[in-house]
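Chain and residue survey
Next come the chains, spelled out residue by residue.
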Amino acid sequence: MNKKWLLAILTTLVIAVLAACGTSKDDKETSGSAGEGSTDSKKTLIVGTSADYAPFEYVDTATSDEIIGFDIDLIKTIGDKLGYEIEVQNMDFNSLITALQAKKFDVVISGMTPTEERDKVVDFTIPYYETEQYLIFDKEKGYTTPADVAGGVVGAQVSSIQEDLAKVLGEEHGFKVESRNLIPELIQELKTGRFDAAVIENIVSENYLSKNDDLAAFPIEVEEPDYKSIVLQEGSELKAEFDKAIEELTADGTIEKLKKKWFVVE
Ligand code: ARG
């Protein structure tokens, strides 16, 4: 009789203790995610980029393995302004949109141009920069118009708007287009003579021109200007505050300052 009672009391106690643990844990999780009183813990945004695009996003391998550049400063500035911690992760340009759709990233910043096609599956902020395209080649070729590359091979980055542009020009002027995943690969192919030219945007081209005397380039005339925007998940709640932040950072000269810091030319 005594033993039975003892067992019953012990069982009740154990259940009570377990239940209490469960409750307190649940309580903590609920109040944590509600964000009340969480003054010290900033939300971290995981930011995807393709760090092959100096001076927008790249690794200066001589000094560190950190991803740096105009876009990285910009996203960190926006993070500071809006109270987010920023964690940057590298991925080939070609896979960024799919990864954003799969919610591997909260944000993508990668010098990306809003296009109708991309806009169907992700959201874009208002633009933070306007851009131009260059045809870049070995100086000795002496090209002055895309028509001069007739019969040759022109390189571009996989899934980029430069790849689309190169294909249109290739049809028009009779040259072949070959794509590579990373910008440094395009430059390499130019140097080995496998490519006769490549379509790369102005600021990125200028960066290579400033370091390679043997390269030359000219702007390609296009009808519509190209922009760069930050990329968000479709329907993202971040859109309104990001747009506002970009508007303010443009108006107060911060973006201008970042251009001066990172770009060889403007
Ligand atoms: N602006 C071009 C596009 O959106 C190229 C961007 C490439 N960016 C990069 N980090 N490689 O297609």
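Everything below is about the structure printed above this text.
Residues numbered from 1 in each chain as written. Predicted model: local features only at pLDDT ≥ 70, side-chain atom pairs only at ≥ 80, totals over all residues. Heavy atoms only, no water.

1. Regarding the overall build of the chain
Note the cut-off: Helix and strand assignments come from DSSP, with helices taken as H or I runs of at least 4 residues and strands as E runs of at least 2, each series counted from the N terminus. To sort residues, take the accessible area from a 1.4 Å probe on protein chains only and compare it with the maximum for the residue type: under 20% means buried, over 50% means exposed, and anything in between is partly exposed. Whether two residues are in contact is decided by their heavy atoms, any of which lying within 4.5 Å being enough. Here the open area of atoms and residues is found with the Shrake-Rupley method and a 1.4 Å probe, where only the protein chains shown may cover a residue.
On a plain count of helices and strands, the chain comes out with nine helices and 15 strands. Scored against the burial criterion, the 266 residues of the chain give a buried share of 43%. The long-range fraction of contacts in the chain, counting pairs at least 24 apart against all pairs at least 6 apart in sequence, stands at 72%. Counting only carbon and sulfur atoms, one obtains 52% of the accessible surface of the chain, whose full area is about 14,700 Å².

2. Describing the layout of surface pockets
Short version of the rule: Every definition here rests on a 1 Å grid over the protein atoms only: cavities are sets of points where a 1.4 Å probe fits but cannot get out, pockets are open sets enclosed by protein on both sides within 12 Å along at least five of seven lines, and lining residues have some atom within 4 Å of a point. Grid points are joined across faces, edges and corners, and a volume is the space filled by probe spheres set on the points.
Each pocket or cavity is described by its volume, and for the largest pocket that value is around 490 Å³. Together, 21 residues line the largest pocket, and Leu-165, Glu-221, Val-222, Glu-223 and Glu-224 are the ones closest to its centre. Of all the elements in the fold, those that place two or more residues in the lining of the largest pocket are α5 (161-173) and β13 (215-219). Broken down by element, the lining of the largest pocket gets its largest block of residues, seven residues, from α5.

3. Quick notes on the site of the ligand
This is how it is decided: Near residues are defined by distance, with any heavy atom within 4 Å of the molecule or strand qualifying the residue. In protein, a polar contact means a hydrogen-donor-capable atom and an acceptor-capable atom, both N or O and within 3.5 Å, with residues adjacent in sequence counting only if both atoms are side-chain atoms; elsewhere, any N or O pair within 3.5 Å suffices. Note on residue categories: nonpolar means Ala, Val, Leu, Ile, Met, Phe, Trp, Tyr, Cys or Pro, charged means Asp, Glu, Lys or Arg, and polar means any other residue, Gly included.
Neighbouring residues of the ligand: 15 residues in total, closest Asp-52, Ser-110, Gly-111, Arg-118 and Ile-161. Within the side chain of Asp-52, an N or O atom sits 2.8 Å from a nitrogen atom of the ligand. Between the ligand and the protein, one listed contact pairs a nitrogen atom with a side-chain N or O atom of Glu-57 at 3.1 Å. Coverage of the ligand by the protein amounts to 100% of the 350 Å² it exposes when considered alone. Going through the elements one at a time, β2 (52-53) and α5 are the ones with two or more residues in the shell around the ligand. Broken down by class, the residue content of the shell around the ligand amounts to four nonpolar, seven polar and four charged.

4. A short note on the pairing of strand β12 (residues 197-201)
To keep it simple, the criterion reads: Strands were regarded as paired on the criterion that DSSP finds at least two bridges between them.
Within β12, five of the five residues are buried, which leaves the element mostly enclosed by the surrounding structure. Here five bridges tie strand β9 (residues 133-138) to β12, and the two strands are oriented antiparallel to one another. Along β12, the bridge assignment pairs Phe-137 with Ala-197. Inspection of the sheet shows strand β10 (residues 153-157) paired to β12 by two bridges, in the parallel sense. Bridge pairing in β12 links Val-154 to Ala-197.

5. Focus: the environment of Glu-178
Counting through the fold element by element, Glu-178 comes out in strand β11 (residues 176-180). Once the C-alpha coordinates of Glu-178 and Gly-155 are considered, the two residues, 23 residues apart in sequence, prove to be 4.9 Å apart. When sequence neighbours within four positions are dropped, the list of residues in contact with Glu-178 reads Val-153, Val-154, Gly-155, Ala-156, Arg-194 and Phe-195. Within polar-contact distance, the side chain of Glu-178 engages the side chain of Arg-194 at 3.2 Å.

6. Comments concerning empty space enclosed by the protein
Unfilled space is identified by rolling a water-sized probe across the atoms. Within the structure shown, the criterion is met by one cavity of 30 Å³ or more. Approximately 100 Å³ is the volume found for the largest cavity. If you go around the largest cavity, you meet 15 residues; those closest to its centre are Tyr-53, Phe-93, Ser-110, Gly-111 and Gln-162. Mapped by element, the contributors of at least two residues to the lining of the largest cavity are β2 and α5. Residues belonging to the lining of the largest cavity are distributed by class as follows: four nonpolar, seven polar and four charged.

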